[in-house]
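# Tertiary structure, described
The primary structure of each chain is shown beneath.
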Amino acid sequence: MYELNDVLDALGIKMSTRCLTAITCRYSNKKGTVDFDDFLQIYTRVVGLIETFNKHCRRGNEASFKLDDFIESAVGL
């Protein structure tokens, strides 16, 4: 999970530990690691969710939840 956080942070994506835990639980294999293909899926999904969230906010709409909550719920946990 910490390596995933470091990589996402280097790519400019900052998330809470709770959100990273949810993503790791969803995409990790039985060994508790995330394969590269799954990482690519995580990255594209998270970027898409961030863009959707930000577009909603730019329209002047208010969100009643934080970005981390939105990502966590969209991951399906």
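Here the structure is a predicted model, which is why all the values come from computation and not from measurement.

Turning our attention to the overall build of the protein chain. On a plain count of helices and strands, the protein chain comes out with four helices and zero strands. Mapped from its N terminus to its C terminus, the protein chain presents α and β elements in the order α-α-α-α. Principal axes of the C-alpha set define a box for the protein chain whose edges measure 45 × 25 × 20 Å. Out of the 77 residues in the protein chain, the part that is buried amounts to 26%. Summarising the internal contacts of the protein chain: among those between residues at least 6 apart in sequence, 51% fall at separations of at least 24.

With that settled, consider the environment of Phe70. With respect to the helices and strands, the residue Phe70 is situated in helix 4 (residues 67-75). Once you skip the residues sitting within four places of it in the chain, Phe70 turns out to touch Leu49, Thr52, Phe53 and Phe65.

Let us now look at the state of the cysteines. Evaluated as defined, the whole model comprises zero disulfides. Cysteine Cys19 is unpaired, with the sulfur of Cys25 as its nearest cysteine sulfur at 11 Å.

Bringing the nonpolar core into the picture now. Grouped together as the largest cluster of nonpolar side chains are 15 residues, with contacts concentrated most on Leu4, Leu8, Met15, Ile23, Val46 and Ile71. Of all the elements in the fold, those that place two or more residues in this core are helix 1 (2-10), helix 2 (17-27), helix 3 (36-58) and helix 4. The element contributing the most residues to this core is helix 3, with five residues. Sequence-distant contacts of Ile71, that is, excluding residues within four places in its chain, are made with Met15, Cys19, Ile23, Val46, Leu49 and Ile50.

Next up on the list: helix 4. Every buried residue of helix 4 is listed here: Asp68, Ile71, Glu72 and Val75. All buried residues of helix 4 lie within an arc of 100° about the axis, which places them on one face of the element. Here the buried face of helix 4 lies against helix 2 and helix 3.

Time to look at the packing of helix 1 against helix 3. Put simply, helix 1 and helix 3 touch, their axes get as near as 12 Å, and they point 50° apart. When the interaxial angle is binned, helix 1 and helix 3 end up oblique. Between helix 1 and helix 3 lies a crossing whose hand is right-handed. Of the residues in helix 3, those in contact with Leu4, Val7 and Leu8 of helix 1 are Phe39, Ile42 and Tyr43. Of the residues assigned to the contact of helix 1 with helix 3, the class counts are six nonpolar, no polar and no charged.

Here is what the cut-offs are and how they apply
- Residues numbered from 1 in each chain as written.
- Predicted model: local features only at pLDDT ≥ 70, side-chain atom pairs only at ≥ 80, totals over all residues.
- Heavy atoms only, no water.
- Helix = DSSP H or I, 4+ residues; strand = E, 2+ residues; numbered from the N terminus.
- Buried < 20%, exposed > 50% of the residue type's maximum accessible area, 1.4 Å probe, protein only.
- Contact = heavy atoms within 4.5 Å.
- Disulfide = S-S within 2.5 Å.
- Core = buried A, V, L, I, M, F, W, Y, C linked by side-chain atoms within 4.5 Å.
- Arc of directions from axis to C-beta.
- Axes fitted to C-alpha atoms, helices over the stretch in contact; angles between N-to-C directions.
- Parallel < 35°, antiparallel > 145°, perpendicular 65-115°, else oblique.
- Left-handed = near helix turned anticlockwise from the far one by under 90°.
- Nonpolar A, V, L, I, M, F, W, Y, C, P; charged D, E, K, R; others polar.

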